[in-house]
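Architecture and fold: a report
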Amino acid sequence: MTVKVFWQPQSFNLDQIGQKRLVDISDGDTPNIRMNVRMLSIDTPETSTMQLKKAEMAGHFTALADWIESGKSPVGDALAAHLLPRIKRADGQDPFEVHIAQGKQALQAFESLTQTRLKRPSGTNRPMFVRIADQPFDSYGRLLAYVAPEYSATERQGLSRRDRATFNLDMVAAGWAATFVIYPSIPNELDLPMLQEEARAAVEQGRGAWADQWCLSGYEYRMCTKLIKLMLKVRTGAKLSSGEWTGWIDRYCADISSAQLYGPQEYVLVKPWNRLFLWATDVRKAVADLNLEPAGSISGV
């Protein structure tokens, strides 16, 4: 056989769900599979140690706080002032244990939401509405989507946009998720202000995880685990590249209320409900698409 067309598609593997991926088969070319959905524009506390040993986490956070206070870490002053009270808590609680407990509460809150909102008045369960945005998959092969109960056309006529909100929005409103909007998957002109409003109310009223004044968002917890891994490498005397020294935080942040752009460590200067994150590779395009203006001198832009 001779093939005179050469093509290498851009592709990647979807996430794995053990041996339970295949659900059933509709016809000869249509297998129906299960897959993980990463809910867009939100981030809940984690429930895992992120590959660090659980028994050592308390000590790691204490050591991280000491490293930041020493001035020898790559953490700048503004971010240090934000992180230190959260990883060296005045109430003496273990920040790792607190965060994991909040992650479990977020899981329970989401389960409760689905059980309530997916139930029809008749007692039967509704199907799930799933809508993707500009980017369909993340780097882990998870579907990126907004999810909500599916309503009929007749039902939608009697419901406001808030009444038929996504579970993404509900989790933010309950305070168990922080907004985590990442360009280019930005909610539309009607949904973004609603997300911003609910997020602000949750923070200011101390709902869910925000009842804890020193709570770490999911992305901050993951950032801290990256810093811990970096700190442990430094302790061994390993020679680090500039990419390793800065790679623990690699998203820029724009303020959706002012269209000002901040460097990766400066996200703390933006209110949690106003944060729009951008990967470094997307910054130039985002500046043009969204008319962003640097808040100051930002390297790499």
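Note that the structure is a prediction, hence the values are computed from the model and not measured.

Calculation notes
- Residues numbered from 1 in each chain as written.
- Predicted model: local features only at pLDDT ≥ 70, side-chain atom pairs only at ≥ 80, totals over all residues.
- Heavy atoms only, no water.
- Pairing = 2+ DSSP bridges.
- Helix = DSSP H or I, 4+ residues; strand = E, 2+ residues; numbered from the N terminus.
- Axes fitted to C-alpha atoms, helices over the stretch in contact; angles between N-to-C directions.
- Buried < 20%, exposed > 50% of the residue type's maximum accessible area, 1.4 Å probe, protein only.
- Contact = heavy atoms within 4.5 Å.
- Core = buried A, V, L, I, M, F, W, Y, C linked by side-chain atoms within 4.5 Å.
- Salt bridge = Lys/Arg side-chain N within 4 Å of Asp/Glu carboxyl O.

This part takes up the sheet that holds strand E3 (residues 37-39). Where strands meet in a sheet, backbone hydrogen bonds hold them as pairs that are either parallel or antiparallel. Read from one edge of the open sheet, three strands run E3-E6-E5, paired in mixed fashion. With partners counted over all chains shown, the strands left at the sheet margins are E3 and strand E5 (128-137), one partner each. When the angles between neighbouring strand axes are averaged without regard to direction, this sheet yields 50 degrees. Where E5 lies against strand E6 (residues 143-149), six bridges are found, and the strand directions are antiparallel. Directly across from Met128, in E6, lies its bridge partner Pro149.

Turning our attention to the environment of Leu40. Here Leu40 lies in the loop between E3 and strand E4 (41-43). When its relative accessible area of 7% is taken as the criterion, Leu40 is described as buried. Sequence spacing of Leu40 and Leu144 is 104 residues, and the spatial spacing of their C-alpha atoms is 5.7 Å. Ignoring any residue separated from it by four or fewer positions in sequence, one finds Leu40 in contact with Ala133, Leu144, Ala145, Tyr146, Asn168 and Ser185.

The subject of this paragraph is unusual backbone geometry. Each neighbour pair has its own omega, and for Tyr183 with Pro184 the value is 10 degrees, a cis peptide bond. If you trace the backbone, Pro184 turns up in the loop between strand E7 (178-182) and helix H6 (191-204). Positive phi outside glycine occurs at Ser41, with the angle close to 70 degrees. Along the chain, the position of Ser41 falls in strand E4.

The subject of this paragraph is the nonpolar core. Phe61, Leu64, Leu79 and Tyr267 are the most contacted members of the largest nonpolar core, which totals 35 residues. Put simply, the parts of the chain that give this core at least two residues each are helix H1 (57-70), helix H2 (77-87), helix H3 (95-117), E7 and helix H7 (218-235). Here Leu79 is in contact with Met223, Trp248, Ile249, Gln265, Tyr267 and Val268, once residues within four sequence places are set aside.

This part covers H2. Given 3.6 residues per helical turn, the α-helix brings residues three or four places apart onto the same face. Buried residues of H2: Leu79, Ala80, His82, Leu83, Leu84, Arg86 and Ile87, and no others. Residues of H2 that are buried make contact with H1, H3 and H7.

Where side chains of opposite charge bring their charged atoms close, a pairing between them can arise. Scanning the model with the defined rule gives 17 salt bridges in all. Where Arg222 meets Asp43, a salt bridge forms, and the shortest distance between an N and an O atom there is 3.0 Å. You can see Arg222 sitting in helix H7 and its partner Asp43 sitting in strand E4, a full 179 residues away along the chain. Residue classification places Arg222 among the buried positions, given a relative accessible area of 18%. With a closest N to O distance of 3.9 Å, Lys88 and Asp66 form a salt bridge. Separated by 22 residues along the polypeptide, Lys88 in the loop between H2 and H3 and Asp66 in helix H1 bring together distant segments of the chain. On the basis of relative accessibility, which here comes to 43%, the residue Lys88 falls in the partly exposed class.

Honestly, that's just the spatial picture; any functional story needs more than this.
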